[in-house]
Amino acid sequence: MATGIKDKVAILGMGCSKFGERWDAGSQELMAESFEEALADAGIERKQIDAAWLGSCMDAVNIGNSAIPASTALRLNGIPFTRVENMCATGTEALRGAAYAVASGAVDIALAIGAEKLKDTGYGGLPPPFKGTFNDMWMPMASAPAGFAQLADGYRARYGISKEELKRAIAHVSWKSHQNGVHSPKAHFQKAVSMETIMNAPMISDPLGLFDCSGVSDGSACAIVTTPEIARALGKKELVTVKALQLSISSGQETAMNTWDGSYVPNTRNAAARAYKEAGISTPREQISLTEVHDCFSITELVTMEDLFLSEDGHAVRDYLDGVYDATGKIPCQIDGGLKCFGHPIGASGLRMAYEVYLQLLGRAGARQLKAPSIGLTHNLGGVPYLGIAGISILGLH
Amino acid sequence: MSDFGITGYGAYVPRLRIERGIIAEAHKWMAPGLKGQAKGSRAFCSWDEDAVTMAVEAARDALAGSSADALKAIYLASTTLPYADLLNASIVAGAISAPTGIAASDAGYSQRAGTSALLQALKGGEAALFIASDAPVGKPASVQEISYGAGAAAFTLGAEGVIARLVGKASVTDSFVDHFRATGQKYEYAWEERWVRDEGYAKLAPAAISAALADAGIGIDGVAYFAMPSQLRAVADAVAKSVKFGGSVVSGLENGVGYAGAAHALLQLALALETAKPGEKILVVGFGQGADALIFEVTEAITALPKRRGVSGSVADAVATDSYLRFLSFAEGIDVEWGMRAERSGKTQLTEQYRSAFQLEAFNAGQCAACNTIQFPQFQFCVKCQAPRKQFRQVPLADEPAQVLTSTADWLSYYPAPPLYCGFVQFDNGARLLMEMVDVGPKGIERGEKLRMVYRIKERDRARGYNRYFWKTTPIAAG
């Protein structure tokens, strides 16, 4: 009987590069930046790393296939180094590989590193997706915001919410994150943005305006994991351990059957239910101190609060407008500014979220430090809401 | 008298229309004289329409929901077919689920190709689908640009349920060059209109008409409808007068369609069939390096023909465009900056296209025999019960009622007709998929809106010159 990985894996050290338009750095430099910080934080030497996982998503504008570009950049010679890719859940997938290696007893110390260089394209936004030779023959060549915008129609119809009311609630999602980003020195965007600016921004994919979309940035984040016993032996006093790591991937039911109504993301619900079970969380609203969720678009974050069972179904609009997820609210969301302020270097995002939770749990988050958090949740959503990947990690004090 | 003939008709005119005044206004700085031609509107192809897609739509109208199984031949006539070496009619055959045992042929190279190929098809004597589809393109600021249009007409031919039989025919061939377009050239080169009118239409058409009347053994007073296309104004009336025709001259479809090249005479024939009564005769003339004259007699069976969109329905189904540059861009008359996203390769894997043809060509969902779920696309196992695909029943979605479940207007993606409307389409039979939504008017599109399926170009691979087709959806209520 599987017992899950709760408390079998501790974070020995983490690092995160400065996110943004890093004209000065390619993926290799970005990886080196987060790696050096993590190595110093862990207090170990390079040679103590037994195995590594690289998360990197977009071959065409990044470092290319395999883990070789990472092993070369970090000069990690002769160890098992695996590249993983699972769209926007890629960073979490890398952490999952490293955590599972430690939990299984196969290795003592493992590295998870994610990086993405998105600003070598020559334009803003993400490159057009390649959906596969077959899917490209019939799927609309729609952008990522067009995929997530479908949630707005579904959500409004189910709960009878007007266009204006939903627009205001999702604007609050972005407004709150920009407020938080002010205190994140590593964020791409560190300026507050007014509700008026957000509401009146140019339309990208109806109803998502420019400020309903996360930024496009370069960045890298990194985690070094081991067992709690080894961490203590290496001198760590306060430990952050992995409470749960779960993934859920669509089989096409939402898109090809007529049961899904477009108002929620079934994958997030699946992954959340399993993660709470693995972590032993029965009342997430009471037990979770903070979340870093996949706010690729404001509507995604709003719906995610219901899918994580933090807001009751149909109540996310009101909860947002009531400030439940603000920095001063009951369950702060994106206390570092989220994808909204950090942008979304795909391979790095999941690990960047874990980095923030790790800092918060250890009381090292500086001006944005929350009061005594004990459990934090990260959430990634790859692909599109109806055909995608949800990745969830729950981290907590040991 | 032959018991073989036309058993049904259908038509398609692109929904997109532009007032000729908008075209004239755009050119008035250098061609103020165009103002004299600025009457009514013309149809034009969206970026994802061509002679093949229009042919499919006209064919669907002609088939009126009936199966293509009994067809033995398919004929496609046009001067603007996308391929010089690839059987264009085979693409149409795939889209309408024609049987593999069908003969298929393309005709073209003259604006008379429509009537000439119809004569061939009628001579063939086997159950056939004949389609003429054309979208001649005029150079910016030319008379052709403002007067030309686009459209397709389709006819089912057979021995049962004949609504119009050919009772007389004649052809005249003469190397009269009123205009020409060399292979590979984008635009035609046309001679002076007065000469074309006086030496061309006024002499060649009457010669063919006289011979056809003689073939039918009737006089001109035995003809009720006279249909002759020309991009030159009033030519049809002048020829009718010269042959002493006293009946009804069929509309030249100047307003709402425009001169549709090789398809035009056939659009006029379809239009005449909409109102013709049993026993009436329709004279159709095709012009180009001579002329064809065809005389049809309408039968009793026309009164029992199920209702269809036809030419009138197509003309009425319009979405107005107020931008000349949009029209020009769709006609590839202007190369605008689409940004780097447009650099994405549009290459089609022909192997994959062939493997998936069973579901993509004619838009077939699969119905699982184990749990009855109708699903698209069809993967190896049922989406609901995981039963294997080999027991799926093929369920065409092209004519299945559907509505909008969710949608958005995407301004970010590269799309030649921005914004890209896309969303989930919910079919009444339970199938569902994400689709492109085209020809959306200024009102946009809303949840619950009723949709119909249309055959369009999914990808234009300009680097290799290949169009890949697939089905899209459009609001039933235009504009």
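- Per an unreviewed UniProt entry, chain A carries the name Acetyl-CoA acetyltransferase and comes from Acidocella aquatica.

### Some thoughts on the overall build of chain B
Inference 1: Scanning chain B from terminus to terminus reveals 12 helices and 23 strands.
Inference 2: Its C-alpha atoms give chain B a radius of gyration of 23 Å, within 12% of the compact-globule value 23 Å for 479 residues.
Inference 3: Taken over the C-alpha atoms alone, chain B extends approximately 70 × 55 × 40 Å along its principal axes.
Inference 4: The 479 residues of chain B split such that 53% are buried.
Inference 5: Restricting the contact set of chain B to residue pairs at least 6 apart, pairs at least 24 apart contribute 73%.

### Quick word on the overall build of chain A
Inference 1: For chain A, the count of helices and strands is 14 helices and 11 strands.
Inference 2: A compact globule built from 398 residues would reach a C-alpha radius of gyration of about 21 Å, and chain A, at 19 Å, matches this within 12%.
Inference 3: Taking the principal axes of its C-alpha atoms as reference, chain A extends roughly 55 × 45 × 45 Å.
Inference 4: Burial status across chain A gives 63% buried among its 398 residues.
Inference 5: Summarising the internal contacts of chain A: among those between residues at least 6 apart in sequence, 79% fall at separations of at least 24.

### Description of the packing of helix H4 (residues 144–159) of chain A against helix H11 (residues 298–307) of chain A
Residue and element names in this part refer to chain A.
Inference 1: Where H4 meets H11, the closest approach of the two axes is 8 Å, and the angle between their N-to-C directions is 55 degrees. By the angle between their directions, the pair H4 and H11 is classed as oblique. Along this stretch, H4 crosses H11, giving a crossing that reads as left-handed. Together, Phe148, Ala149, Leu151, Ala152 and Tyr155 of H4 and Ile299, Thr300 and Val303 of H11 make up the contact between the two elements.
Inference 2: For the contact of H4 with H11, a count of residues per class yields 7 nonpolar, 1 polar and no charged.

### Brief notes about the interface of chain A and chain B
The figure often quoted for interface size is the accessible area lost as the parts come together.
Inference 1: Listed as interface residues are 32 residues of chain A and, on the opposing side, 41 residues of chain B.
Inference 2: Contributing elements (two or more residues each) for the side of chain A that touches chain B: H4, strand E5 (203–205) and helix H8 (253–256) of chain A.
Inference 3: At 7 residues, H4(A) tops the list of elements feeding residues into the side of chain A that touches chain B.
Inference 4: Taken together, the residues of the side of chain A that touches chain B break down into 17 nonpolar, 13 polar and 2 charged.

### A look at the domain arrangement of chain B
All names here are of chain B.
Inference 1: Its domain assignment divides chain B into domain 1 (5–330) and domain 2 (341–475).
Inference 2: Its C-alpha centre places domain 1 at a distance of 30 Å from the equivalent point of domain 2.
Inference 3: Each side of the interface is counted separately: domain 1 has 19 residues, and domain 2 has 16 residues.
Inference 4: Listed by contribution, the elements that provide at least two residues to the side of domain 1 that touches domain 2 are helix H2 (51–63) and helix H3 (88–95).
Inference 5: The element contributing the most residues to the side of domain 1 that touches domain 2 is H2, with 4 residues.

### Digging into helix H9 (residues 266–279) of chain A
All names here are of chain A.
Inference 1: Between its first and last C-alpha, H9 extends 20 Å over 14 residues, near the 20 Å set by a 1.5 Å rise per residue.
Inference 2: Those residues of H9 that sit buried are Asn267, Thr268, Ala271, Ala272, Ala275, Tyr276, Glu278 and Ala279. Taken end-on, H9 shows its buried residues confined to a sector of 160 degrees, consistent with a single buried face.
Inference 3: Packed against the buried residues of H9 are strand E8 (240–249), helix H10 (284–287), H11, strand E10 (375–384) and strand E11 (387–397).
Inference 4: Directly beyond the C-terminal end of H9, a positive phi value near 75 degrees is found at Gly280.

### Describing the sheet that holds strand E3 (residues 41–43) of chain B
All names here are of chain B.
Inference 1: Strand order in the open sheet formed by 3 strands is E3-E2-E15, and the pairing between neighbours is mixed. Taken across any chain shown, the strands that pair with only one partner, and hence form the sheet edges, are E3 and strand E15 (319–321). Sheet twist, expressed as the mean angle between neighbouring strand axes with direction ignored, is 35 degrees.
Inference 2: Bridge count between strand E2 (residues 16–19) and E3: 3 bridges; the pairing is antiparallel. Each residue of the ladder has a partner; that of Ile18, found in E3, is Arg42.
Inference 3: The strands that helix H1 (residues 20–27) touches are E2 and E3; relative to E2, the one it contacts most, it runs at about 55 degrees.

### Some words on the domain arrangement of chain A
Residues and elements named next belong to chain A.
Inference 1: Considered domain by domain, chain A is made up of domain 1 (10–120 + 218–238) and domain 2 (144–206 + 241–397).
Inference 2: Each of domain 1 and domain 2 has a C-alpha centre, and these two points are 24 Å apart.
Inference 3: Counting from both sides, the interface comprises 36 residues of domain 1 and, opposite them, 32 residues of domain 2.
Inference 4: Every element with two or more residues in the side of domain 1 that touches domain 2 is listed here: strand E1 (10–16), helix H3 (90–103), strand E4 (110–116) and strand E7 (219–226).

### Looking at the packing of H3(A) against helix H14 (residues 346–361) of chain A
Residue and element names in this part refer to chain A.
Inference 1: Where H3 meets H14, the axes come as close as 5 Å, and the angle between the chain directions of the two elements is 65 degrees. Of H14, the residues touching H3 (which contributes Thr90, Gly91, Thr92, Ala94 and Leu95) are Ile346, Gly347, Ala348, Ser349, Gly350, Leu351, Arg352 and Ala354.
Inference 2: Considered class by class, the residues forming the contact of H3 with H14 number 6 nonpolar, 6 polar and 1 charged.

### With respect to the pairing of strand E2 (residues 51–55) of chain A
Residue and element names in this part refer to chain A.
Inference 1: Across the 5 residues that make up E2, a large majority, 5, are buried.
Inference 2: Burial along E2 is two-sided: the residues Ala51, Trp53 and Gly55 and Ala52 and Leu54 are all buried.
Inference 3: Bridge count for E2 against strand E3 (residues 81–84) is 4 bridges, and the pairing is parallel. Considered in E3, the bridge of Trp53 is made with Thr82.

### Observations concerning the sheet that holds strand E16 (residues 364–367) of chain B
Paired through their backbone hydrogen bonds, the strands of a sheet run either parallel or antiparallel.
Inference 1: An order of E17-E16-E18 (chain B) is seen for the 3 strands of this open sheet, with the pairing classed as antiparallel. Looking at which strands have only one partner, the edges of the open sheet turn out to be strand E17 (374–375) and strand E18 (393–396) of chain B.

### Here's the deal with unusual backbone geometry
Across residues other than glycine, the phi torsion is negative in most instances, and most of the peptide bonds are trans.
Residues and elements named next belong to chain A.
Inference 1: Asp206 connects to Pro207 through a cis peptide bond whose omega is 5 degrees.
Inference 2: When you line up the elements, Pro207 lands in the loop between E5 and strand E6 (208–209).
Inference 3: With phi around 65 degrees, Asp7 is a residue other than glycine that occupies positive phi space.
Inference 4: Along the chain, the position of Asp7 falls in the segment before E1.

### Topic: the environment of Asp428(B)
Residues and elements named next belong to chain B.
Inference 1: Position of Asp428 among the secondary structure elements: in the loop between strand E20 (420–427) and strand E21 (432–437).
Inference 2: Here Asp428 falls in the exposed class, since 10 other C-beta atoms lie within 10 Å of it.
Inference 3: What Asp428 contacts, discounting residues up to four positions off in sequence, is Glu400, Pro401 and Ala402.

### Brief notes about helix H7 (residues 235–242) of chain B
Along an α-helix, residues three or four positions apart point the same way, because every turn accommodates 3.6 residues.
Residue and element names in this part refer to chain B.
Inference 1: Of the residues making up H7, those classed as buried are Val235, Ala236, Val239 and Ala240. Along the long axis of H7, the arc covered by the buried residues comes to 135 degrees, so they all point the same way.
Inference 2: Those residues of H7 that are buried are in contact with helix H6 (193–216), strand E11 (225–227) and strand E12 (248–249).
Inference 3: Looking one or two places after H7, you find Lys244, whose phi comes out positive at around 60 degrees.

### Describing the pairing of strand E6 (residues 128–134) of chain B
Residues and elements named next belong to chain B.
Inference 1: Here E6 lies mainly inside the structure; 7 of its 7 residues are buried.
Inference 2: Along E6, one buried face is formed by Ala128, Phe130, Ala132 and Asp134 and the opposite face, lined by Leu129, Ile131 and Ser133, is buried too.
Inference 3: Two elements, strand E4 (residues 73–77) and E6, share 5 bridges in a ladder whose sense is parallel. In the sheet register, Ala73 faces E6, and the bridge partner there is Ala128.
Inference 4: Judged from the 7 bridges that link them, E6 and strand E7 (residues 151–158) form a sheet pairing that is antiparallel. Each residue of the ladder has a partner; that of Ala128, found in E7, is Leu157.

What counts as what
- Each residue is numbered by its place in its chain's sequence as written, counting from 1.
- All chains are assigned letters beginning at A, and all ligands numbers beginning at 1, according to the order in which they are written.
- The predicted origin of the model limits local features to residues at a pLDDT of at least 70 and limits the giving and counting of side-chain atom pairs to 80 or more, whereas totals for whole chains, interfaces and linings rest on all residues.
- For helices the rule is a DSSP run of H or I covering at least 4 residues; for strands it is a run of E covering at least 2, with both sets numbered from the N terminus onward.
- Taken over C-alpha atoms, the radius of gyration is set against a globule rule of 2.2 Å times the number of residues to the power 0.38.
- Between the buried cut of 20 or more and the exposed cut of 12 or fewer other C-beta atoms within 10 Å of a residue's own C-beta lies the partly exposed class, and all C-beta atoms are placed from the backbone.
- Here contacts are defined at the residue level, using C-beta atoms placed from the backbone and a cut-off of 7 Å between them.
- Every axis in this analysis is a line fitted to C-alpha atoms, fitted for helices over the stretch in contact. Angles between the N-to-C directions lie between 0 and 180 degrees.
- Roughly parallel refers to an angle under 35 degrees, roughly antiparallel to one over 145, roughly perpendicular to one between 65 and 115, and oblique to any angle outside these ranges.
- Crossings are classed by handedness, with left-handed meaning an anticlockwise turn of the near helix from the far one by less than a right angle and right-handed meaning a clockwise turn.
- In the scheme used here, Gly and all other residues not listed as nonpolar or charged are polar, with Ala, Val, Leu, Ile, Met, Phe, Trp, Tyr, Cys and Pro taken as nonpolar and Asp, Glu, Lys and Arg as charged.
- The split into domains, and so the bounds of each, comes from an automatic or database assignment of domains.
- To estimate the expected span of a helix, count its residues, drop one, and scale the result by 1.5 Å.
- Comment: arc refers to directions from the helix axis out to C-beta atoms.
- What makes two strands pair is DSSP finding at least two bridges between them.

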